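Listed below, chain by chain, are the residues.
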Amino acid sequence: MSPPTPKIVDFKLPLPWLIAASVGTALFMVTLGWNASTQSSKLDQLIAANAKLEKRLDDRDARLDTLRDQMYGIQRVNDTNALRITALESRTK
């Protein structure tokens with residue numbers, strides 16, 4: 001009795017199927033790359049818009065800090081003037 005011989009299964013693809021599958025895969029890869037570059041461009045635009053917005057917010061914050069400092073300065077001058085007026089009024093009585 002001889003050892004059993006293994007069965008060999010040979011899948012042969014017809015040439016048109018092989019060409020169609022290769023072309024389909026290549027087109028898929030090209031469209032995938034195209035979409036990735038488009039999304040990258042949109043992402044760059046969003047990053048630029050975000051940077052502009054951050055700059056505007058930083059400028060606004062700087063203006064608000066300046067305005068707050070001016071307001072505190074005016075309040076100090078106002079308090080000083082109120083104390084002077086009170087002192088002058090107390091002298092004249």
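Everything here concerns the structure above.
Visitor: Could you clarify how one ought to interpret the overall build of the protein in this entry?
Guide: A count of helical and extended segments in the protein gives 1 helix and 0 strands. A compact globule built from 93 residues would reach a C-alpha radius of gyration of about 12 Å, whereas the protein, at 40 Å, exceeds it by more than 25%. Taken over the C-alpha atoms alone, the protein extends approximately 135 × 35 × 10 Å along its principal axes. Per-residue burial for the protein yields a buried fraction of 1% across its 93 residues. Counting every atom, the protein has about 9,200 Å² of accessible surface; 65% of that belongs to carbon and sulfur. Here the protein contributes 13 positive and 10 negative side-chain charges, whose respective centroids are spaced 3 Å apart.

Visitor: Whenever I open this one, the environment of L18 confuses me. Can you help?
Guide: Checked against the element boundaries, L18 lands in helix α1 (residues 15-92). Accessibility expressed as a relative area gives 42% for L18, which makes it partly exposed. Sequence-wise, L18 and A87 are 69 residues apart; in three dimensions their C-alpha atoms are separated by 102 Å.

Visitor: Would you mind going over the pattern of salt bridges with me for this structure?
Guide: For side chains of opposite charge, pairing can occur when their charged atoms come near one another. According to the stated counting rule, one finds 4 salt bridges in the structure shown. With its nearest N and O atoms 3.2 Å apart, the salt bridge here joins D59 to K55. Residue D59 and its partner K55 are located together in helix α1, separated by 4 residues, close to a single helical turn. Exposure remark for D59: the relative accessible area of 34% places this residue in the partly exposed category. Among the ionic pairs, D61 bridges to R60, the shortest N-O distance being 3.0 Å. The partly exposed category is assigned to D61, whose relative accessible area is 34%. Given a relative accessible area of 39%, R60 falls into the partly exposed group. It is possible to trace a salt-bridge network through shared partners that takes in D65, R68 and D69.

Visitor: How do you make sense of a nonpolar patch on the surface when you look at a structure like this?
Guide: Side chains of L13, L15, W17, L18, I19, V23 and L27 sit close together on the surface and give an oily, nonpolar patch of about 770 Å² of accessible area. Inspection of the secondary structure puts W17 in helix α1. Taking the relative accessible area as the measure of exposure, W17 reaches 62% and is therefore exposed.

Calculation rules
- Residues numbered from 1 in each chain as written.
- Predicted model: local features only at pLDDT ≥ 70, side-chain atom pairs only at ≥ 80, totals over all residues.
- Heavy atoms only, no water.
- Helix = DSSP H or I, 4+ residues; strand = E, 2+ residues; numbered from the N terminus.
- Rg over C-alpha atoms; globule rule 2.2 N^0.38 Å.
- Buried < 20%, exposed > 50% of the residue type's maximum accessible area, 1.4 Å probe, protein only.
- Areas by Shrake-Rupley, 256 points an atom, 1.4 Å probe, with all protein chains shown as cover.
- Lys, Arg positive; Asp, Glu negative; His and termini not counted.
- Charge placed at Lys NZ, Arg CZ, Asp CG, Glu CD.
- Salt bridge = Lys/Arg side-chain N within 4 Å of Asp/Glu carboxyl O.
- Patch = residues over 30% accessible without salt bridge, like charges linked within 9 Å, V, L, I, M, F, W, Y side chains within 5 Å.

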